[in-house]
Amino acid sequence: MTLWEAFVLGIVQGVFMFIPVSSTSHLVLVQHWLLSRGSGMPGPETPEMILFDLVVHVGTLGSMAVVFRSSIRGLATRVGSELRGRHPGDPLGLRLVILGLGAVVVTGLVGFPLRSHFAEVFARPEAIAVTLVMTGVILWWTDVLPPRRRGLRELSPAVAA
């Protein structure tokens, strides 16, 4: 992979991470496009490119931590005070952290056994396009549903997962 290709893929990741579509799918589609143009980079399903994708996702996570640092700091402060017993009442911060960790565990339990299937999907741009269309339909559907107001205190494990 050339430095220029890495730069283009990094830009794609950065742009698509902050809109409600799959940044990974767009990243892989651009990788397929570059390969079709004669790039010598490994295929998207190879361990090398999966590692590259992971690295750019970690970079995005770092930028999100910077952007949301005050909210993250506030949550960490609240959780700390709740753990020390200095925050009486509902332990909302701790509950949100536990729900977030639970969502990560559920994602891992579902995703880990399917990882070989995901590698096959990422090897075929047509399959990626189908999954993006399905995502678009789900996003459209959630947009036309009547609004449901749910506060942080009403989040449940089922909703978090």
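Parameters and conventions
- Here the residue numbers are simple positions, counted from 1 along each chain's written sequence.
- Only residues with pLDDT of at least 70 get local features here, since the model is predicted, and only at 80 or more are side-chain atom pairs given and counted; chain-wide, interface and lining totals rely on the full set of residues.
- Water and hydrogen atoms were dropped before computing side-chain values, which therefore reflect all heavy atoms in the structure.
- Numbering of helices and strands runs from the N terminus, with a helix taken as a DSSP run of H or I at least four residues long and a strand as a DSSP run of E at least two residues long.
- Burial classes follow relative accessibility: with a 1.4 Å probe on protein chains only, a residue under 20% of its type's maximum area counts as buried, one over 50% as exposed, and anything between as partly exposed.
- Here, residues are in contact when the closest pair of their heavy atoms is within 4.5 Å.
- Computed by Shrake-Rupley with a 1.4 Å probe, the accessible areas treat only the displayed protein chains as cover when residues are assessed.
- Basic side-chain nitrogens of Lys or Arg form a salt bridge, by our definition, when they fall within 4 Å of a carboxyl oxygen of Asp or Glu.

**With respect to the overall build of the chain**
On a plain count of helices and strands, the chain comes out with eight helices and zero strands. Secondary structure elements in the chain, listed N-terminal to C-terminal, are α-α-α-α-α-α-α-α. In terms of principal-axis extent, the alpha carbons of the chain reach across some 60 × 35 × 30 Å. Of all 161 residues assigned to the chain, the portion counted as buried reaches 22%. Look at the contacts in the chain between residues 6 or more apart in sequence, and 54% of them connect residues 24 or more apart. For the chain, the exposed surface amounts to about 11,100 Å²; the carbon and sulfur share of it is 71%.

**Here's the deal with the pattern of salt bridges**
A complete count under the given rule lists one salt bridge for this structure. Notably, a salt bridge pairs Glu82 with Arg78, separated by 2.6 Å at the nearest N-O pair. Here the residue Glu82 and the residue Arg78 both occupy positions in helix 4 (residues 69–83), the gap between them amounting to four residues, near one helical turn.

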